[in-house]
Amino acid sequence: MLKIERKVLLWVEKHMFVLLAVLAAVMGLYLRRGAVWWSSPDAGYYFDGHEGNIQSGCYHLLVRLVQYLPMLPLHTVKWLAAAADYAVAVLAVIAVGGHREGEKLKSSFYFTGCILSPVAYLRGSCWAQVDSAAFALLLGAYIVWGKGQKIPGILLAMAGIALYPPLLVMVFCWIFFRRESFQREDYLYLGILFAGCCLLQGMAGLLSGRSWMEGLRSLTGWMSREPYQGTVYADPLAWGIQMGNLLGYGAAMVSGMAAYRHRISYGTALLIHLAVLLIYGSVLFPAGM
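Conventions we followed
- Residues numbered from 1 in each chain as written.
- Predicted model: local features only at pLDDT ≥ 70, side-chain atom pairs only at ≥ 80, totals over all residues.
- Heavy atoms only, no water.
- Patch = residues over 30% accessible without salt bridge, like charges linked within 9 Å, V, L, I, M, F, W, Y side chains within 5 Å.
- Areas by Shrake-Rupley, 256 points an atom, 1.4 Å probe, with all protein chains shown as cover.
- Salt bridge = Lys/Arg side-chain N within 4 Å of Asp/Glu carboxyl O.
- Helix = DSSP H or I, 4+ residues; strand = E, 2+ residues; numbered from the N terminus.
- Buried < 20%, exposed > 50% of the residue type's maximum accessible area, 1.4 Å probe, protein only.
- Expected span 1.5 Å × (residues − 1).
- Contact = heavy atoms within 4.5 Å.
- Core = buried A, V, L, I, M, F, W, Y, C linked by side-chain atoms within 4.5 Å.
- Polar contact = N/O pair within 3.5 Å; in protein donor to acceptor, adjacent residues only side chain to side chain.
- Phe/Tyr/Trp six-rings, centres within 6.5 Å; stacked < 30°, edge-to-face > 60°.
- Lys NZ or Arg CZ within 6 Å of the ring centre and 35° of its normal.
- Axes fitted to C-alpha atoms, helices over the stretch in contact; angles between N-to-C directions.
- Left-handed = near helix turned anticlockwise from the far one by under 90°.
- Nonpolar A, V, L, I, M, F, W, Y, C, P; charged D, E, K, R; others polar.

Trainee: Sorry, what's going on with a nonpolar patch on the surface here?
Mentor: On the surface, Leu23, Met27, Tyr30, Leu31 and Leu116 cluster together to form a nonpolar patch covering roughly 500 Å² of accessible area. Ranked by the residues each element gives to the nonpolar patch, the list is headed by helix H2 (residues 16-35), at four residues. Relative to the helices and strands, Leu31 is located in helix H2. Its relative accessible area of 41% is what places Leu31 among the partly exposed residues.

Trainee: Mind showing me how you'd approach helix H5 (residues 104-116) here?
Mentor: Because an α-helix completes one turn every 3.6 residues, residues spaced three or four positions apart along the sequence face the same direction. Taking 1.5 Å as the rise per residue, H5 with 13 residues should run 18 Å; its terminal C-alpha atoms sit 18 Å apart, in good agreement. Listed as buried for H5 are Ser107, Ser108, Tyr110, Phe111, Thr112, Cys114 and Ile115. On the buried face of H5, the contacting elements are H2, helix H4 (73-95), helix H6 (118-126) and helix H12 (236-260).

Trainee: Got a minute to help me understand the pattern of salt bridges in this structure?
Mentor: Pairing between side chains becomes possible if they bear opposite charge and their charged atoms approach one another. All told, the structure shown has four salt bridges when counted by the stated rule. In this structure, Arg123 engages Asp131 in a salt bridge whose closest nitrogen and oxygen atoms are separated by 3.0 Å. On the accessibility criterion, Arg123 (2% relative accessible area) is buried. A relative accessible area of 2% means that Asp131 is categorised as buried. In this structure, Glu185 engages Lys150 in a salt bridge whose closest nitrogen and oxygen atoms are separated by 3.9 Å. Note that Glu185 is positioned in helix H10 (residues 184-207) and Lys150 in helix H8 (residues 150-163), a separation of 35 residues in sequence. Its relative accessible area of 16% is what places Lys150 among the buried residues. Put simply, Lys150, Glu185 and Asp186 are held in one network by salt bridges that share partners.

Trainee: Hey, could you run me through the nonpolar core in this one?
Mentor: Across soluble globular proteins, nonpolar side chains show a tendency to be buried alongside one another. Among the nonpolar cores identified, the biggest contains 66 residues, and Tyr110, Ile161, Leu193 and Tyr249 are the most heavily contacted of them. With near-sequence residues (within four places) excluded, Ile161 lies in contact with Leu138, Leu167, Leu168, Val171, Leu193, Cys197 and Gln201.

Trainee: How should the side chain of Asn53 be read in this particular structure?
Mentor: Mapped onto the elements, Asn53 comes out in the loop between H2 and helix H3 (57-66). The exposure class of Asn53 is buried, given its relative accessible area of 13%. Within polar-contact distance, the side chain of Asn53 engages the backbone oxygen of His50 at 2.7 Å. Only 3.2 Å separates the side chain of Asn53 from the backbone nitrogen of Gln55, close enough to count as a polar contact. Asn53 has contacts with His60 and Arg210, leaving out every residue within four places of it along the chain.

Trainee: How should the packing of aromatic side chains be read in this particular structure?
Mentor: Two numbers describe a pair of aromatic rings. These are the distance of the centres and the angle of the planes. A complete count under the given rule lists nine aromatic pairs for this structure. Considering the side-chain rings of Tyr45 and Tyr228, the 4.9 Å spacing of their centres and the 70° angle between planes classify their relative orientation as edge-to-face. Of this pair, Tyr45 sits in the loop between H2 and H3 while Tyr228 sits in the loop between helix H11 (212-217) and H12, placing them 183 residues apart in sequence. A network of ring pairs unites the aromatic residues Trp145, Trp174 and Tyr189 as a single cluster. Arg123 extends its terminal NZ or CZ atom over the ring of Trp127, reaching a point 4.9 Å from the ring centre.

Trainee: Which parts of the structure should I look at to understand H6?
Mentor: For H6, the tally of buried residues reaches seven of nine residues, placing the bulk of the element in the interior. For H6, the full list of buried residues reads Val119, Ala120, Leu122, Arg123, Gly124, Ser125 and Cys126. Phi turns positive one or two residues past the end of H6, at Ala128, with a value near 65°.

Trainee: Explain the packing of H3 against H10 to me, please; I cannot follow it from the model alone.
Mentor: Axes are the key here: two packed helices are described by the angle between their axes and the distance separating the axes. Viewed as axis vectors pointing N to C, H3 and H10 meet at an angle of 40°, and their least axial separation amounts to 8 Å. As H3 packs across H10, the resulting crossing turns out to be left-handed. For the pair H3 and H10, the contacting residues are Gly57, Cys58, Leu61 and Arg64 in the first and Leu200, Gln201, Ala204 and Leu207 in the second. Within the contact of H3 with H10, the residues separate by chemical class into five nonpolar, two polar and one charged.

Shown next, in the form of structure tokens:
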């Protein structure tokens, strides 16, 4: 074996886990690049801002702003979601402590799983939904809150929830499971969080050409209205599927973090991912199309 070959092999062996992460990132980018040119059958319903739509005021403001870029708004939102997938992968590794020196193998596989997750791929690059962008902000809030930087944490969480209000469910769950460690001042911060979300939604409603109340209602409209006609759900099963659709990405990502920390089994996390994929498939590709 030549000396240069030996050096290359030693270098590859030393940086094997970094190379694995880079390879996953490149593969993920290749997959997402192709998906940008595919449009889901219901893409227009999330952009047109029809009466009773379930998107937030901040989302509509985002769509209005990206129209000034030299790209189709749908493609811009998809690329934003794709970039956020990478941010989520990095922040998730940090959030579970996988960036520590002794966790290289495990954290590399976890990063790869986040990047190549079919849940993330379908929801963002294919469907043009901004769950990943909002979840990245929430992960950032979780990390800085854990470091005692509560004001920056509140601001990041405020932006994430304003962009994608269904994340409120995750915040309430986090409060419930962490309630014993909460101090009195923490509840004041949370009050500021919810008040700030209302303020952001109202302002976004005005800036996007709607009313203050329309922007404010978008904070909770997703809880009861279907996304196509904007009517209130009458079928409990259809409502349940839609809730699984809206909350599925967050549930899948959190289950992965919980499995990494051995709070749940890897099998349970995999089942959650499969359940979310089934819901996504039933909505994206309904029978009879």
